[in-house]
Amino acid sequence: QVQLVESGGGLVQAGGSLRLSCAASGRTFSSYCMGWFRQAPGKEREFVAAISWTGGNTNYADSVKGRFTISRDNAKNTAYLQMNSLKPEDTAVYYCAAARFLLGPTPTQNALDYWGQGTQVTVSS
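Residues numbered from 1 in each chain as written. Predicted model: local features only at pLDDT ≥ 70, side-chain atom pairs only at ≥ 80, totals over all residues. Heavy atoms only, no water.

With respect to the pattern of salt bridges
At step 1: The tally for this structure, following the rule as stated, stands at 5 salt bridges.
At step 2: When the shortest N-O distance is used, the salt bridge between Glu 46 and Arg 38 registers 2.6 Å.
At step 3: The exposure class assigned to Glu 46 is partly exposed, which follows from its relative accessible area of 36%.
At step 4: The salt bridge partner of Asp 90 is Arg 67, with a shortest N-O separation of 2.7 Å. On the criterion of sequence distance, the pair formed by Asp 90 in the loop between strand 8 (78-83) and strand 9 (92-99) and Arg 67 in the loop between strand 6 (58-60) and strand 7 (68-73) is long-range, its members being 23 residues apart.
At step 5: Each of the salt bridges in this network shares a partner with another, and the network as a whole consists of Arg 38, Glu 46, Arg 67 and Asp 90. (Salt bridge = Lys/Arg side-chain N within 4 Å of Asp/Glu carboxyl O. Buried < 20%, exposed > 50% of the residue type's maximum accessible area, 1.4 Å probe, protein only. Helix = DSSP H or I, 4+ residues; strand = E, 2+ residues; numbered from the N terminus.)

Written as structure tokens, this is what we have:
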């Protein structure tokens, strides 16, 4: 089992940047693929980005391609989401999640086994 804690959210102006971190407990972090999802008010949780066990493969939602970058540091048991050129429509609670199996191009929530508590990202216009 793994526990996940997100940090790095906050309020930023449109065009700005934030880096989210997801710290994982346990010694098996490298055994999990990692994903980031987000949920805006009144909307369903949606996929943002995913990364494979060693970081060799990454996937992104079309809405964030070219602006967001997912990465991981297995030595630090941490996954990251670098968010650049933020837009007001990026406003949401961002969740990191872990999966035991390789994630597809657009994974659904059911593909993830463990979730963090979320961190709020607010982008002002």
